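# A look at the structure
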Amino acid sequence: MADGAGSAEDPRDTPDAPDAPETEAQRRRRRAQFLRELHEAKALRDRVQPRRVKAARMRQAMRMRTFRW
């Protein structure tokens, strides 16, 4: 890949100057990436610790049953 197409760093993600303000599109892209990674980490934890997940689901169900509007 001599043209750099496989480089790990996307040039669109880096601002021109280190202290340049982040654009709204960059912020949304960075937030979306963070949320994807967070969801992936939670899914991995759920697969690795099924007993803890089941207990958490039961606690959440109990909270929903006892919630008053």
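Residues numbered from 1 in each chain as written. Predicted model: local features only at pLDDT ≥ 70, side-chain atom pairs only at ≥ 80, totals over all residues. Heavy atoms only, no water.

## Concerning the overall build of the protein chain
Rules: Secondary structure counts use DSSP, requiring at least four H or I residues in a row for a helix and at least two E residues in a row for a strand, with both numbered from the N terminus. For every residue, the accessible area obtained with a 1.4 Å probe (protein chains only) is divided by the maximum for its type, and the residue is called buried under 20%, exposed over 50%, and partly exposed between those limits. Note on areas: Shrake-Rupley with a 1.4 Å probe; residue coverage comes only from the protein chains shown.
Scanning the protein chain from terminus to terminus reveals 2 helices and 0 strands. The buried share among the 69 residues of the protein chain stands at 1%. Surface exposure of the protein chain reaches about 7,000 Å², of which carbon and sulfur atoms provide 56%.

## A word on the pattern of salt bridges
Put simply, the rule reads: Only one rule defines a salt bridge in this text: a Lys or Arg side-chain nitrogen within 4 Å of an Asp or Glu carboxyl oxygen.
Under the definition given, this model contains 2 salt bridges. In this structure, the salt-bridge partner of Arg30 is Glu22, at a minimum N-O distance of 2.8 Å. Its salt-bridge partner being Glu24, residue Arg27 comes within 3.0 Å of it at the nearest N-O pair. Remark: Glu24 and Arg27 occur in helix H1 (residues 24-48); sequence separation between them is 3 residues, near one turn of the helix. Given a relative accessible area of 35%, Arg27 falls into the partly exposed group. On the basis of relative accessibility, which here comes to 45%, the residue Glu24 falls in the partly exposed class.

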